Amino acid sequence: MAEKIAFFLLAIFLLLMGCPGQGRPMASNSNLSMVSDGVQNVRQPTYIQLKSLILSDSCEQTYGFLPCTTTVLGNVFLILVYGYLMFSAAKLLCNGCEILLEILGPGIIGGLLLPVLSSLPDAIIILASGISGSQETAQSQVSVGIGLLAGSTVMLLTLTWGSCLVLGKCDLDSSLSRDPRDTKGMSLTGSGVSTDIWTSYAARIMAISIIPFIIVQLPSVLHTTSQSRIAILIALVVSVSLLISYSLYQVFQPWIQKRRIAFAKHKHVISGILKHLSVRALGRLLTDDGEPNTTVIERLFMMIDENGDGRLSPAELRALVLGIKFDEIDMDIEDAVEKVMKEFDTSCDSFIDIDEFVKGISKWLNEAKRTAEQQGTLLHHFHEQTKKEHHLLGDHDGHFGETVKNPVWNTFKAVMMLLIGTIVAAIFADPLVDAVDDFSTASSIPSFFVSFVILPIACTSEAVSALNFARRKKLTTASLTYSQIYGSVTMSNILSLSVFLALVYFRDLNWDFAAEVLVILIVCIVMGAIASFRTTFPLWMSLVAYALYPFSLLLVYILDYVFGWS
């Protein structure tokens, strides 16, 4: 946390270093023992030295004090700084929502507030791209908004989707992934990912969310451009209606949250077993190099193996789990034993031999190690994190907040994080749009392509979360990963589009984004069709997803700059 605050303050400091400063120069012929009173040989106010790097006399500073530049490198610097600040704002919003989720539970928080706030940075940037300045300026800068809208959707469904498939791949057997077995390497047909049927439903909802895009393009397709404003208004109404419907669906049918709760419970079983074994171990579970101590793990196996037959039965595993205190969490012991047995028993003989036990515990230790900052507190850190994740998901049987320490303080903390995140996003969205527009002018690269490639990276924190979940190589986590991707695209297609359509309609801007809309439709339809009617995805499908990203950029360029659609 301290490192994040330090980076945040460093970004603010660099921006302030780029602001103009004034001073009184010393007279060239003044006596060294005397200090100038600032009257003789007065010059115009000067800037501090960083001006030569990022400031320009011909640019207009955002809010009158933030730095600006007309150079390519200067705008690259500003885009990086403003992008980091927007990313920090997105993280504050997500963390604040998770704390409220811990206290208040799912329903409104998990089903409505979390999805809306996850798309808030995108919506604010889209709003900033056309709300200020003259109509001509807004028409010019609004391409940044459509670039972000298209870029977020395309990036999630291509680069992020394909990367999750590569990271989460397991061996395919009879069209199903055998998690967590991954012995076939990069086999295009022999390895892949399986999801549950609910994830397919999420993909179908995503496909439905493109309806407003189709409506707004109908006048161009039918060559009745005089009706374009009516089409924009109808698309806006439909988009807002879909947003309300989707939010209500998330509130009253929180199946994504229920799956996350089930996964959090299993993760807590893992941390509880590791913590229990570390107490019983005749040595450290990790060596001095941080690697699993196989000798100690083998000794633990022999201690658990009560009948000494060299393998653990479900009864012996149940005895181990029964001896673990799970911090008053309502745990289904039989379900926990079944999941652990399924994960460890790679030979499928209903027993766990010593090699399977060593491999399973080693895998858990490596997973815990990735989440801990210090080896000495590894298991405690992992155990506390899984406990927190379980509570954050709100599975308290309607008694939310009762097990949370200092609920009043945590509520205040969450509200402040949401407030600060919103303020930071609102303040730096407009400068980021200006920097992208200025970079486009300086480099002669259309602002759409700049915002299409760069801005989604700064505003889409879901990609990092999805990739982390995909690494676990489980059907449960794969389902959650792709559900999260489809949900984020759905919110982009309805919430961000609603903001964009309102901006175009109320500022009386021209709708001239046929190529951009076509790209969104193609990617959503192709990936939606793939995900809606199947639950297993061989590795070769990642190549299709990856290919759609450069295809999208190339298609927009050809349609706008070769065929003159724009």
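Attention in this report is confined to the structure presented alongside it. Not measured: the values here are computed from a predicted model.

Rules and cut-offs
- Residues numbered from 1 in each chain as written.
- Predicted model: local features only at pLDDT ≥ 70, side-chain atom pairs only at ≥ 80, totals over all residues.
- Heavy atoms only, no water.
- Helix = DSSP H or I, 4+ residues; strand = E, 2+ residues; numbered from the N terminus.
- Buried < 20%, exposed > 50% of the residue type's maximum accessible area, 1.4 Å probe, protein only.
- Contact = heavy atoms within 4.5 Å.
- Areas by Shrake-Rupley, 256 points an atom, 1.4 Å probe, with all protein chains shown as cover.
- Pairing = 2+ DSSP bridges.
- Arc of directions from axis to C-beta.
- Axes fitted to C-alpha atoms, helices over the stretch in contact; angles between N-to-C directions.
- Parallel < 35°, antiparallel > 145°, perpendicular 65-115°, else oblique.
- Left-handed = near helix turned anticlockwise from the far one by under 90°.
- Nonpolar A, V, L, I, M, F, W, Y, C, P; charged D, E, K, R; others polar.
- Salt bridge = Lys/Arg side-chain N within 4 Å of Asp/Glu carboxyl O.
- Core = buried A, V, L, I, M, F, W, Y, C linked by side-chain atoms within 4.5 Å.
- Expected span 1.5 Å × (residues − 1).

1. Let's talk about the overall build of the protein chain
Helix and strand content of the protein chain: 21 helices and six strands. Going through the 566 residues of the protein chain one by one, you find that 50% of them count as buried. Counting only contacts in the protein chain whose residues sit at least 6 apart along the sequence, the fraction spanning at least 24 positions is 73%. Surface accessibility of the protein chain: about 26600 Å² in total, with carbon and sulfur atoms responsible for 62%.

2. Here's the deal with the sheet that holds strand E2 (residues 176–177)
Read across the open sheet, the four strands follow the order E2-E1-E3-E6; overall the sheet is antiparallel. The outermost strands of the open sheet, each flanked by one partner alone, are E2 and strand E6 (536–538). Here strand E1 (residues 170–173) pairs with strand E3 (residues 191–194) via two bridges, running antiparallel. Bridge assignment links Asp 171 to a residue of E3, and that residue is Ser 191.

3. A word on helix H11 (residues 294–304)
When H11 is considered as a whole, its buried residues turn out to be Val 296, Ile 297, Leu 300, Phe 301 and Ile 304. Looking straight down H11, one finds that the buried residues subtend no more than 145 degrees of arc, so they occupy a single side.

4. Examining the packing of helix H16 (residues 407–443) against helix H17 (residues 447–459)
Relative orientation of the contacting elements H16 and H17 amounts to 130 degrees, with a least axis distance of 9 Å. Between H16 and H17, the angle falls in the class oblique. H17 is crossed by H16, and the crossing has right-handed handedness. Residue-level contacts link Leu 432, Val 436, Asp 437, Phe 439 and Ser 440 of H16 to Ser 447, Val 450, Ser 451 and Leu 455 of H17. Looking at the contact of H16 with H17 residue by residue, the classes come out as five nonpolar, three polar and one charged.

5. Considering unusual backbone geometry
Although it is not a glycine, Cys 348 adopts a positive phi angle of roughly 60 degrees. Residue position: Cys 348 is located in the loop between helix H13 (333–344) and strand E5 (352–353).

6. Quick notes on the pattern of salt bridges
Applying the stated criterion to the full structure yields three salt bridges. Across the pair Asp 508 and Arg 229 runs a salt bridge whose closest N-O atoms are separated by 3.0 Å. Linking Asp 508 in the loop between helix H19 (475–506) and helix H20 (514–532) with Arg 229 in helix H9 (residues 228–252), this pair joins segments that are 279 residues apart in sequence. Residue class for Asp 508 comes out partly exposed when judged on its relative accessible area of 42%. Between Lys 363 and Glu 343 there is a salt bridge, and its shortest N-O distance comes to 4.0 Å. Placement of Lys 363 in helix H14 (residues 354–369) and of Glu 343 in helix H13 is noted, with a sequence separation of 20 residues between them. Lys 363 gets classed as partly exposed once you look at its relative accessible area, which sits at 30%. Classification of Glu 343 by relative accessible area gives buried; the value is 9%.

7. Side note on the nonpolar core
In a soluble, globular protein the nonpolar side chains are often hidden away together inside. Ranked by size, the top nonpolar core spans 99 residues in total, and within it Ile 125, Leu 157, Trp 161, Tyr 486 and Trp 511 carry the most contacts. Per-element tally for this core: the top contributor is helix H6 (residues 135–168), with 14 residues. Leaving out residues up to four positions away in the same chain, Trp 161 has contacts with Leu 156, Tyr 482, Ile 485, Tyr 486, Met 527, Phe 537, Met 541, Ser 542 and Ala 545. Of all hydrophobic cores here, the second largest spans 26 residues; its members include Leu 277, Val 296, Leu 300 and Val 358.

8. Considerations on the pairing of E1
Side-chain positions along a regular strand alternate between the two faces of the sheet. Here E1 runs beside E2; their pairing, made up of two bridges, is antiparallel. Across the sheet, the residue bridging to Leu 172 is Ser 177, located in E2. In this antiparallel pair of consecutive strands, E1 and E2, the connection spans two residues, and Ser 174 shows a positive phi of 55 degrees.

9. Looking at the packing of H20 against helix H21 (residues 540–561)
Where H20 meets H21, the axes come as close as 9 Å, and the angle between the chain directions of the two elements is 165 degrees. What the angle tells us is that H20 and H21 run roughly antiparallel. Our pair here, H20 against H21, has a crossing hand that is right-handed. Along the contact surface, H20 presents Ala 515, Glu 516, Leu 518, Val 519, Ile 522, Val 523, Val 526, Met 527 and Ile 530, while H21 presents Met 541, Ala 545, Leu 548, Phe 551, Ser 552, Leu 555, Val 556, Leu 559 and Asp 560. Class assignment for the residues of the contact of H20 with H21 results in 15 nonpolar, one polar and two charged.

10. Overview of helix H7 (residues 197–208)
Along its 12 residues, H7 runs 17 Å from first to last C-alpha, staying within 8% of the 16 Å computed at 1.5 Å per residue. Here H7 has its buried residues at Thr 199, Ser 200, Ala 202, Ala 203 and Met 206. Seen from one end, H7 has its buried residues packed into an arc of 155 degrees, which puts them on one side.

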